Amino acid sequence: MTVYRKISLLMLAVFLLIYLLGALLYTQQARHDVQRELDGVAGLAQSLGSPADLPESVVSSMRHMIPADMESGSVGEVPAWFSAMIAGEPSRPVVNGWQVDPADEVEEIWEGFLLISGAYAIGMGLCFLALFVMVRRGVRTLASLTEAMGAVSAGQLTSRLPRQGEQELDTLVCRFNSMARALESEQQTVGRLLNELLQLQDREREHIARVLHDDLGQYLTGIRAQARSLLYDPDLGDRQKQQARDLAEHCETIQKHFRHLLQDLHPLVMEQLGLGSAIRHLAEQWQQLSGLECRLAMDERLPEFTGEQQTHLYRFLQEALNNVSRHANASCATLAVARKDNELSIEVRDDGVGNDQLPGNAGLGVRSMCERARCLGAEVRFLSRMGEGTCIRLAVPLSPNTGGVL
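Source: prediction; values computed, not measured.

Trainee: How do you make sense of the packing of aromatic side chains when you look at a structure like this?
Mentor: Each pair of aromatic rings is reported with the distance of its centres and the angle of its planes. Using the criterion set out here, one finds nine aromatic pairs in the structure. Plain terms: the ring middles of Trp 81 and Phe 82 are 5.8 Å apart, the flat faces sit at 90 degrees to each other, and that makes the pair edge-to-face. Site record: aromatic cluster; members linked through ring pairs are Tyr 26, Trp 81, Phe 82, Trp 110 and Phe 113.

Trainee: What is the right way to read the pattern of salt bridges from this model?
Mentor: Side-chain pairing between opposite charges can occur once the charged atoms of the two side chains come close. In the structure shown here, the tally under the stated rule is eight salt bridges. Among the ionic pairs, Arg 36 bridges to Asp 33, the shortest N-O distance being 3.1 Å. Of this pair, Arg 36 and Asp 33 both sit in helix H1 (residues 3-48), separated by three residues, roughly a single helical turn. Owing to a relative accessible area of 54%, Arg 36 belongs among the exposed residues under this scheme.

Trainee: Can you walk me through the sheet that holds strand S7 (residues 379-384) in this structure?
Mentor: Strands in a sheet are paired, the pairing made by backbone hydrogen bonds, and the direction either parallel or antiparallel. The mixed open sheet is built from five strands, whose spatial order is S4-S5-S6-S8-S7. Unpaired on one side and paired on the other, strand S4 (293-298) and S7 mark the two borders of the sheet. Mean inter-strand twist for the sheet, computed between neighbouring axes without regard to direction, equals 10 degrees. Relative to strand S6 (residues 343-350), strand S5 (residues 332-339) is paired through seven bridges, and the arrangement is antiparallel. By the bridge assignment, Ala 336 is partnered in S6 with Glu 347. In the packing of helix H8 (residues 275-290) onto the sheet, contacts are made with S4 and S5, and the angle to S4 comes to roughly 165 degrees.

Trainee: I'm lost on the layout of surface pockets in this one. Help?
Mentor: Once rolled over the atoms, a probe with the size of a water molecule shows which space is left empty. In this structure, the largest pocket occupies an estimated 440 Å³ of space. Lining of the largest pocket is provided by 19 residues; of these, Gln 201, Arg 205, Glu 319, Leu 364 and Ser 368 occupy positions nearest its centre. When contributions to the lining of the largest pocket are tallied by element, the ones reaching two or more residues are helix H5 (167-230), helix H9 (307-328) and helix H10 (364-375). The greatest single-element share of the lining of the largest pocket, amounting to seven residues, is contributed by H10. The residue inventory of the lining of the largest pocket, partitioned by class, reads six nonpolar, five polar and eight charged.

Trainee: I keep staring at the packing of helix H6 (residues 238-265) against H9 and nothing clicks. Help me out?
Mentor: Working note: a packed helix pair is described by the angle between its axes plus the distance between those axes. With their axes 11 Å apart at the nearest point, H6 and H9 run at an angle of 120 degrees to one another. Judged by the angle between their axes, H6 and H9 are oblique. Taken together, the residues of H9 that come into contact with H6 (itself represented by Gln 263, Asp 264 and Leu 265) are Tyr 314, Arg 315 and Gln 318. Classifying every residue of the contact of H6 with H9 gives two nonpolar, two polar and two charged.

Trainee: Looking at this model, I keep getting lost on H8. Mind explaining?
Mentor: For an α-helix, 3.6 residues make a turn, and residues three or four places apart therefore share a direction. Here H8 is 16 residues long and its end C-alpha atoms lie 22 Å apart, about the 22 Å a rise of 1.5 Å per residue gives. Downstream of H8 by a residue or two, Gly 291 has a phi angle that is positive, lying close to 75 degrees.

Trainee: Just to check I follow, could you spell out the pairing of strand S8 (residues 390-397) for this structure?
Mentor: Side-chain direction in a regular strand flips from residue to residue, so the side chains alternate between the two faces of the sheet. Burial analysis of S8 places six of its eight residues in the buried class, which makes it a mostly covered element. Inspection of the sheet shows S6 paired to S8 by eight bridges, in the antiparallel sense. By the bridge assignment for S8, Ser 345 is matched with Ala 395. Relative to S8, S7 is paired through six bridges, and the arrangement is antiparallel. Counterpart to Phe 382 in the pairing with S8 is Ile 392.

Trainee: How should the confidence of the model for the protein chain be read in this particular structure?
Mentor: Reading predicted coordinates in detail is not appropriate for stretches of low pLDDT. Put simply, the protein chain has an average pLDDT of 80, and 87% of its residues get 70 or more. No element of the protein chain has a lower mean pLDDT than helix H2 (residues 56-60), at 67, and none a higher one than S8, at 91.

Trainee: Please explain the nonpolar core as it appears in this structure.
Mentor: Nonpolar side chains in soluble globular proteins generally cluster together in the buried interior. Grouped together as the largest cluster of nonpolar side chains are 39 residues, with contacts concentrated most on Leu 313, Leu 317, Leu 344, Ile 346 and Leu 394. Mapped by element, the contributors of at least two residues to this core are helix H7 (268-273), H8, S4, H9, S5, S6, H10 and S8. It is H9 that provides the largest number of residues to this core, a total of eight residues. Non-local contacts of Ile 346, meaning those with residues more than four positions away in its chain, are made with Leu 313, Leu 317, Leu 335, Ala 336, Val 337, Ile 392, Arg 393 and Leu 394. In terms of nonpolar packing, the next biggest core, distinct from the first, is built from 14 residues, Val 34, Val 41, Ile 86 and Phe 113 among them.

Trainee: When you look at a nonpolar patch on the surface in this model, what are you seeing that I'm missing?
Mentor: A surface patch of nonpolar side chains, amounting to about 580 Å² of accessible area, comprises Ile 122, Leu 126, Leu 129, Phe 132, Val 133 and Met 134. Tracing the chain through its elements places Phe 132 in helix H4 (residues 103-153).

Thresholds, definitions, all that
Residues numbered from 1 in each chain as written. Predicted model: local features only at pLDDT ≥ 70, side-chain atom pairs only at ≥ 80, totals over all residues. Heavy atoms only, no water. Phe/Tyr/Trp six-rings, centres within 6.5 Å; stacked < 30°, edge-to-face > 60°. Salt bridge = Lys/Arg side-chain N within 4 Å of Asp/Glu carboxyl O. Helix = DSSP H or I, 4+ residues; strand = E, 2+ residues; numbered from the N terminus. Buried < 20%, exposed > 50% of the residue type's maximum accessible area, 1.4 Å probe, protein only. Pairing = 2+ DSSP bridges. Axes fitted to C-alpha atoms, helices over the stretch in contact; angles between N-to-C directions. Contact = heavy atoms within 4.5 Å. 1 Å grid on protein atoms, 1.4 Å probe; cavity = no way out; pocket = protein on both sides within 12 Å on 5 of 7 lines; lining within 4 Å. Points joined across faces, edges and corners; volume = space filled by probe spheres on them. Nonpolar A, V, L, I, M, F, W, Y, C, P; charged D, E, K, R; others polar. Parallel < 35°, antiparallel > 145°, perpendicular 65-115°, else oblique. Expected span 1.5 Å × (residues − 1). pLDDT = per-residue confidence, 0-100. Core = buried A, V, L, I, M, F, W, Y, C linked by side-chain atoms within 4.5 Å. Patch = residues over 30% accessible without salt bridge, like charges linked within 9 Å, V, L, I, M, F, W, Y side chains within 5 Å. Areas by Shrake-Rupley, 256 points an atom, 1.4 Å probe, with all protein chains shown as cover.

Here is the structure:
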């Protein structure tokens, strides 16, 4: 039951109780007044003498008494129960040829009762109207507060409510706005820390990749070259040459895995050839390592991104494809990159098992993707159903003038 209905029922019960008490007091006072009036009329009849001795005009102008041989006057629209409650017994004693008749007095009391009841009903209606207006205003504020809290729970921490004229509601609104501002400030702080953490992680990966490429990679290349050179040494036997050949092949295998490791740590091809080439290389490498088909459809007109933005996009796609190979149980994946008017649209789709709880039960990888999308100012959506695969859509807004990220 709503608050308005509860208050209305309570007020209605109070109004009815007051009305019944007032009606009881009114009828008690009316009976006393009627009895006093009848006592006065009986004294007047005793002093006037018989109606037969008075002129007809005087007899017809008398109130509250009539000749005994005449019928009692009608009480008009007065209900019989009300007349009986106010006037009592319908038969009155005859005094000096006069019959006491309270019909006029009862009718006046009934009209007054109706007038008071009507005024009371109008006042009660106005009270309920005022209650409705105030409760509706308060409920509207509570509805706005509920909607704003829902927006905050959905991540829209910029939601604010206007000040209210009522002190209690205004206090509630001010507390909510303070809470929303505090949450927004904390989210900005956490987002900034996460962004710095991702940048630090990317820089560390880049540093490790460069150290491995420049140092360990050169050593492996040197060992492989020396092993190859031993094949042409005439002083070595066939067994030593076979060992040298095996050593060179092992070095080649290590270098192959080493290049994949360097690509995971930091895509050097992106620095040399750009984001488009890095995405193609990522799709090819993922296809080779996972053994799954990757269908790539990419627009050649990619916008200009900063190095940090390119890294966020690349890591986003890398994590999306890794999730397909690890969790989707799919046979193929589709990667589509298209540039629209003021947006770069990216879609990663698979034909795997799907997940009805995505992204609710997301792991660290999905949260990392969401954070990288936030760093790009982009919107990411996860569409997944059990048995129907998963689709991840990223919409990166672009500046209409420069074509870069807003």
